[in-house]
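Breakdown of the fold
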Amino acid sequence: MENTKSPAESRKLLDKITYDLTRSIVKRDELTNFWYFILIMFAAVGLWGWIIQIREGLGVTGMRDYVSWGMYIANFVFFVAVSLIGFLISSALHLLKISWSKPISRVAEQVAIAAVALAGIIIVNDMGRPDRFLNIFLHGRFASPIIWDVTVVTTYLVISVLLFYIPLIPDLALLRDKGTDDIPKWKMKVYRILALGWKGNAEQYKVVYHAMRILMILIIPVGLSIHTVTSWLFAATLRSGWDTTIFGPYFVAGAFVAGTAAVIMLMFIYRIRYRLKDYFTEYHFDYMGKLFVLVCLVYLYFNINEFWVPGYKMKTAESIHLSNLFIGKYATMFWTTQFLGLILPIILMIFKYFRRPLPITIISVFVLIASWFKRYIIVVPTMEHPFLPVQNVPENFVNYRPTSIEIMITLFSFMAALLIITVLAKMFPVITIWEYAEEKGISREIITEPKNQGK
Amino acid sequence: MKALGASVGVAGVLGSSSLLSACNQVETTSGDTIKLLTSSGELVEVKKSQLKPAEIPSLSENQKRGRKGLPGRKWVMVIDLSKCRNARQCMKACQNHHQLRPEQHHINVLQMQEAENTAPYYMPKPCQHCDNPPCTKVCPVNATFKREDGIVLIDNERCIGCRFCIAACPYSARIFNWTEPREADKYIGVTYNIEANVPQKRGTVSKCLFSADRLRDGKLPSCVSACPNGVYWFGDQNEDAVTNGTTHETTIFSELIRDNAGYTLMPELGTKPRVYYLPPKDRAFPFQGEIEEHHS
């Protein structure tokens, strides 16, 4: 925390911080409208694909009896993975009292909420009978990993929303009290309601801190569970490529890689678009880069275990699966994801030069795309090679190729996730104002005092 | 429903395998008789006066007894690989019985070759009806389950179509209705029979169920009866007796397995199948197929 300033200085600084951090809320230009238009248009196209699928059945996809899980499941795993960053940044790092990550918490929670919400939605889209969704609750069998997944994904969503909302309350009150006329009236109304009559006294702060601490601790087992349980959807089967004991930590490590990439990209976009150079500084990117290298190294370690150990033994079924990845049909995809999505980023980001905002963002783009394809590689090749031969079926049963409907619906999920993030960014400050102001040495009295006081 | 009454009734009289397969009725003739197609593909004539509506248990009753199974039984199948010559009558009968499309298989005759220099052979592969079934374990809604009599069944009125069971099955025994099932419009309004899993329903999983409906009627499964080559033995392990579907000869199950070195598929997986194989030794027919790729 910096030195205490005089009230006048503090007020001036707070005004500047508030002004900077509400830019995303105020700003509504052509570009914003265009962005919304793009998102909604593509999301609508995807929804249309979904309607076709509901009408015609899952036959409109490329999945058939052998490859019966395809792109949808890969996409689901991807979204669950990305959402895990909320747990890492706003809980784990917080509890370890690591302070550089504080301004990034809300970005991480935005990503977490959008990703886990979409994971929940798109898994319904993979069901043959979405109309029977309620059977999960009516006839739920607790021995099935799917029930565990439904439980933890829902819990994670709730905790993530709370972790987003609770530290937001003082900000909402601040905007309610100090909001300028540039903020649309309806947004001010929303702030007034959501601020829950926040007054900013010591007792209320205590409640917020207390609640946050409980949530941060609660989210640790839940966060670890969502991706571990998701990995068990595969590891609980007998299939080669999935039948492994390291799937839980392997998935969790991979999740941190994907999530870190997503958060870095978002930080960069906010930094440029909302002119937050002084908030998401080079220092933050540098540290995110170091975190990135760390999680990538852990993931690399698991990858080596996952592929090298069975590769050394080459048991019959495993060897078919692995040859398919190493030198067969999926070799290009496999090696590209390993090199562009893991090894090269690690090598580059060891150097400080590549941990600067632009280079690291470009690296993140590659890593995030590779993360998506990595999930595809985890799901599809294993299904293409069951233990018994695939015979007496048409060619499209043997080789899986996603159809345009599947691509449309997957596109919908991306657009919908971006839409959630955009709405959150447009609605609420992307950095916690009061926390940031306190870091800068502004006293709580000044943060909570009504507008124009002391001027 | 009423329109189907007559044909369904005849099926009952004929003791046909499935109440619904009688819907394959081709034509009716004038006079006292009616021509009907049985599930095994025979065209027969019956007196109209013999027709009476069959008793169809209500859906809930059917589901209830279908979940329980036949008390005191432990069904077991023995497949003699030395007899199989890929006639595929089992596949055909099965697809008729369970209203499957040509590419859908509850039982699939595979061309096998274990290793590079080993002899190729044909292997009919139904659901193994494991005693430790990986598929029922993972079902989130208890739509697939293990019955007392050893059969693993599916309730397609409850299945949500998540396909976890398909992923979990190491024998690729399960199929999914990706599109409208075969001749779906013909079976609109027909009460679901859990023990034959008909009518098939879009968006749900299906698989071999040892023709549980036929077993209830005291008959052998469709595939067993349809085989012209004596490949299949079927029976009750509690009685230690199995009957050959072609010759109708009954023998002692444990002896058959012991004397012929019977085995189960992939025992290392711990699934404990109820389907046993007799090795393809001294084969009655030479292997004439070509081993396809996609082998694992």
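Throughout what follows, the structure given in this document is the object of discussion.

**With respect to the overall build of chain B**
Looking only at helices and strands, chain B features eight helices and 13 strands. Residues classed as buried in chain B amount to 47% of the 296 residues present.

**Describing the overall build of chain A**
Of the regular secondary structure elements, chain A holds 20 helices and zero strands. Taking 23 Å as the expected radius of gyration for a compact globule of 455 residues, we find that chain A reaches 23 Å, a close match to that expectation. Considering only C-alpha atoms, chain A reaches an extent of 85 × 50 × 45 Å along its principal axes. Taken across its 455 residues, chain A has 47% of its residues classed as buried. Put simply, 84% of the contacts in chain A that link residues at least 6 apart link residues at least 24 apart.

**Some thoughts on the packing of helix α13 (residues 282-313) of chain A against helix α15 (residues 331-349) of chain A**
Residues and elements named next belong to chain A. Running from N to C, α13 and α15 point in directions that differ by 135 degrees, and their axes come no closer than 9 Å. Put simply, α13 runs oblique to α15. In the crossing of α13 with α15, the sense of the turn from one axis to the other is left-handed. Residues G289, F292, V293, C296, L297, Y299, L300 and N303 of α13 form the contact with α15, whose participating residues are Q338, L342, P345, I346 and M349. The class makeup of the residues in the contact of α13 with α15 is 10 nonpolar, three polar and no charged.

**Quick look at the nonpolar core**
Residue and element names in this part refer to chain A. Counting residues in hydrophobic clusters, the biggest one holds 196 residues, and the most contacted among them are I85, V111, A115, A119, A262 and V263. Top element by residues in this core is helix α12 (residues 247-273). It accounts for 17 residues. Residues in contact with V263, not counting those within four places in the same chain, are I85, I89, I104, V107, A108 and V111.

**Looking at the sheet that holds strand β10 (residues 232-236) of chain B**
Residue and element names in this part refer to chain B. Strand order in the open sheet formed by five strands is β12-β11-β10-β3-β13, and the pairing between neighbours is mixed. Two strands in the sheet have a free side with no partner beyond their single neighbour: β12 (250-252) and β13 (275-278). Ignoring which end each strand starts from, the neighbouring axes of this sheet average 25 degrees apart. Two elements, strand β11 (residues 241-244) and β12, share three bridges in a ladder whose sense is antiparallel. In the sheet register, V242 faces β12, and the bridge partner there is T251.

**Remarks on unusual backbone geometry**
Outside of glycine, negative phi angles account for most residues, and trans bonds account for most peptide bonds. Residues and elements named next belong to chain B. Cis geometry marks the peptide bond from V198 to P199, where omega comes out at -10 degrees. By the secondary structure assignment, P199 is in the loop between β8 (175-176) and β9 (205-206). If you check the backbone angles, A261 has positive phi at about 55 degrees while not being a glycine. With respect to the helices and strands, A261 occurs in the loop between α8 (253-259) and β13.

**Comments concerning the interface of chain B and chain A**
Counting residues at the interface gives 40 residues for chain B and 41 residues for chain A. Secondary-structure elements contributing two or more residues to the side of chain B that touches chain A are β4 (108-112), α4 (134-138), α5 (164-168) and β8 of chain B. Of all the elements, α5(B) adds the most residues to the side of chain B that touches chain A, at four residues. For the side of chain B that touches chain A, the per-class residue count stands at 20 nonpolar, 12 polar and eight charged.

**Comments concerning the packing of helix α3 (residues 30-56) of chain A against helix α18 (residues 404-427) of chain A**
Residues and elements named next belong to chain A. Orientation of α3 relative to α18, taken along the N-to-C sense of each, is 140 degrees, at an axis distance of 7 Å. Here α3 is positioned oblique relative to α18, judged by the angle of their axes. Here α3 runs over α18; the crossing is left-handed. In this structure, α3 uses W35, L39, F42, A43, V45, G46, L47, G49, W50, I52 and Q53 to contact α18, whose residues at the interface are I405, M408, I409, L411, F412, M415, A416, L418, L419 and T422. Considering only residue class, the contact of α3 with α18 consists of 17 nonpolar, four polar and no charged.

**Some details on helix α1 (residues 7-21) of chain A**
All names here are of chain A. The end-to-end C-alpha distance of α1, which contains 15 residues, comes to 21 Å, matching closely the 21 Å that a straight helix rising 1.5 Å per residue would cover. Along α1, the positions that sit buried rather than exposed are S10, L14, I17, T18 and L21. The buried residues of α1 occupy an angular sector of 95 degrees when the element is viewed end-on, so they sit on one face. In α1, those exposed residues whose orientation departs by more than 90 degrees from the buried face are A8 and K16. Contacts made by the buried residues of α1 are with α9 (169-178), α19 (433-439) and α20 (444-448).

**Some details on α18(A)**
Residue and element names in this part refer to chain A. In this model, α18 (24 residues) spans 34 Å end to end at C-alpha, consistent with the 34 Å of a helix rising 1.5 Å per residue. Here α18 has its buried residues at I405, E406, I409, T410, F412, S413, M415, A416, A417, I421, L424 and A425. Turning to α18, the residues buried within the fold contact α2 (23-26), α3, α4 (71-83), α6 (105-125) and α12.

**Considerations on the pairing of strand β2 (residues 43-47) of chain B**
Residue and element names in this part refer to chain B. Burial within β2 is sparse, with just zero of its five residues counted as buried. When strand β1 (residues 33-37) meets β2, the two strands line up antiparallel, connected through five bridges. By the bridge assignment, L36 is partnered in β2 with V44.

**Some details on the environment of B:Q111**
As for its placement among the helices and strands, B:Q111 is situated in strand β4. Taking the C-alpha atoms as reference points, B:Q111 and B:Y122, separated by 11 residues in sequence, lie 4.7 Å from one another.

**Quick notes on the environment of A:N33**
As for its position among the elements, A:N33 is in helix α3. A C-alpha to C-alpha distance of 32 Å links A:N33 and A:K12, two positions 21 residues apart in sequence.

**A closer look at the environment of A:S160**
Residues and elements named next belong to chain A. Of note, S160 is situated in helix α8 (residues 145-165). Its 29 C-beta neighbours within 10 Å are what place S160 among the buried residues. Along the chain, S160 and E109 lie 51 residues apart, while their C-alpha atoms are 6.4 Å from each other. Beyond its immediate stretch of four places on either side in the chain, S160 contacts G86, E109, A112, I113 and V116.

Basis of the calculations
- By convention here, each chain's residues receive numbers from 1 onward along its written sequence.
- Labels follow written order: the first chain is A, the first ligand is 1, and so on.
- Restriction of local features to residues with pLDDT of at least 70 applies here, the model being predicted, together with a cutoff of 80 or more for giving and counting side-chain atom pairs; totals for whole chains, interfaces and linings are based on all residues.
- The way it works is that DSSP assigns letters per residue, a run of H or I at least four long becomes a helix, a run of E at least two long becomes a strand, and they are numbered from the N terminus.
- Three exposure classes are used, all based on how many other C-beta atoms lie within 10 Å of a residue's own C-beta (placed from the backbone): buried at 20 or more, exposed at 12 or fewer, and partly exposed between those limits.
- Values of the radius of gyration come from C-alpha atoms, whereas the globule rule sets the reference at 2.2 Å times the count of residues to the power 0.38.
- By the criterion used throughout, residues are in contact when their C-beta atoms, derived from the backbone, lie within 7 Å.
- In this analysis, axes come from line fits to C-alpha atoms, helices being fitted only over the stretch in contact, and the angle between any two N-to-C directions falls in the range 0 to 180 degrees.
- Roughly parallel refers to an angle under 35 degrees, roughly antiparallel to one over 145, roughly perpendicular to one between 65 and 115, and oblique to any angle outside these ranges.
- Crossings are assigned a handedness: left-handed for a near helix turned anticlockwise from the far helix by less than a right angle, right-handed for a clockwise turn.
- Lys, Arg, Asp and Glu make up the charged group, whereas Ala, Val, Leu, Ile, Met, Phe, Trp, Tyr, Cys and Pro make up the nonpolar group; the residues left over, Gly among them, are polar.
- What makes a nonpolar core is a set of buried Ala, Val, Leu, Ile, Met, Phe, Trp, Tyr and Cys residues, with links drawn between C-beta atoms within 7 Å.
- Here a strand pair is declared whenever DSSP counts at least two bridges between the two strands.
- Working rule for helices: expected span equals 1.5 Å times residues minus one.
- Directions drawn from the helix axis to the C-beta atoms are what define this arc.

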